[in-house]
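Tertiary structure, described
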Amino acid sequence: MNHSLPIVNTGDRFSVNKIICIGRNYAEHAREMGHDPEREPPFFFFKPQSALAQNGDDFIYPHFSQQVEYEIELVIAIGKSGTQIPATQAAEYVCGYAVGLDMTCRDIQKEAKKAGRPWELAKGFDGSAPCTAIQRGTLDDLQQFGDLVLTCNGTEVQRGNWRDMVWAIPDLIAEVSRYIKLEAGDLIFTGTPAGVGPVQRGDELVGNLESWPLNLSIKIA
Ligand code: MN
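Residues numbered from 1 in each chain as written. Predicted model: local features only at pLDDT ≥ 70, side-chain atom pairs only at ≥ 80, totals over all residues. Heavy atoms only, no water.

Concerning the coordination of the manganese ion
Six octahedrally arranged donors around a metal ideally form angles of 90 or 180 degrees; four tetrahedrally arranged donors ideally form angles of 109.5 degrees. Only Glu71 (OE), Glu73 (OE) and Asp102 (OD) from the protein coordinate the manganese ion, and they sit 2.0 to 2.1 Å from it. Each donor residue of the manganese ion lies on the same chain, and together they follow the pattern E-x1-E-x28-D. With Glu71 in the loop between strand E7 (68–70) and strand E8 (72–78) and Asp102 in the loop between strand E9 (94–101) and strand E10 (104–105), this residue pair connects regions lying 31 residues apart in the sequence. Per residue, the accessibility class of Glu71 equals that of Asp102, and both read buried. (Donors = N, O, S within 2.8 Å, 3.2 Å for Na, K, Ca; no water. Helix = DSSP H or I, 4+ residues; strand = E, 2+ residues; numbered from the N terminus. Buried < 20%, exposed > 50% of the residue type's maximum accessible area, 1.4 Å probe, protein only.)

Remarks on helix H2 (residues 106–115)
Of all the residues in H2, the buried ones are Arg106, Asp107, Ile108, Gln109 and Ala112. Packed against the buried residues of H2 are E7, E10 and helix H3 (120–123). Once H2 ends, the next one or two residues include Gly116, with phi positive near 70°. (Contact = heavy atoms within 4.5 Å.)

Here we look at empty space enclosed by the protein
Per the counting criterion, the structure on display carries two cavities of 30 Å³ or more. Here the largest cavity is characterised by a volume of approximately 120 Å³. Around the largest cavity, the lining comprises 17 residues; the ones closest to its centre are Gly23, Arg24, His29, Glu71 and Lys123. For the lining of the largest cavity, the secondary structure elements donating two or more residues are strand E3 (19–23), strand E4 (43–47) and H2. In terms of residue count, the dominant contributor to the lining of the largest cavity is H2 (three residues). (1 Å grid on protein atoms, 1.4 Å probe; cavity = no way out; pocket = protein on both sides within 12 Å on 5 of 7 lines; lining within 4 Å. Points joined across faces, edges and corners; volume = space filled by probe spheres on them.)

Now the structure itself:
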């Protein structure tokens, strides 16, 4: 039960191994964060399993931050282990999709960047990775996906499409597996489109992947 997600339309659960997050994978978001996507390629970092939160759980605002922000992301579920995976074989490793939030303490992240320190406190705190159930699917299913959309209290705040990713999904599987082993049970948060912003206690976030039955709903407590 712990560190797992339900699989849509089955009684099964997807046992979550590690959580890999891609940074600056949409050019417009890289620019809003003050970076030049032409010069700085995407990169990745990790969240611990204890960051995972279930759809519908309250998000507990961390006591050590004054600026927590949402980042809506398309999540890929990895179904098979491998290293040095060529992009042309990436499809074998994708077993499903989810919609997740890469909740971020932006104030702590800014301090860490300035001090040259790691991001774990800003990105890996408890409950910082709320995620829907896993919808099983293949790489080809991407073609059916509409936009990834986030609303906050009913107002649209983020909208993006996987077609605008800097590292498309086969490329990001190839890039990540150049350096680390991908394992069955891994989740890859594929980066957020532009429009990130702060949350307040009492806010309700709803994330959708249009044309695909995934719907994430989180209340900030
Ligand atoms: Mn992110």
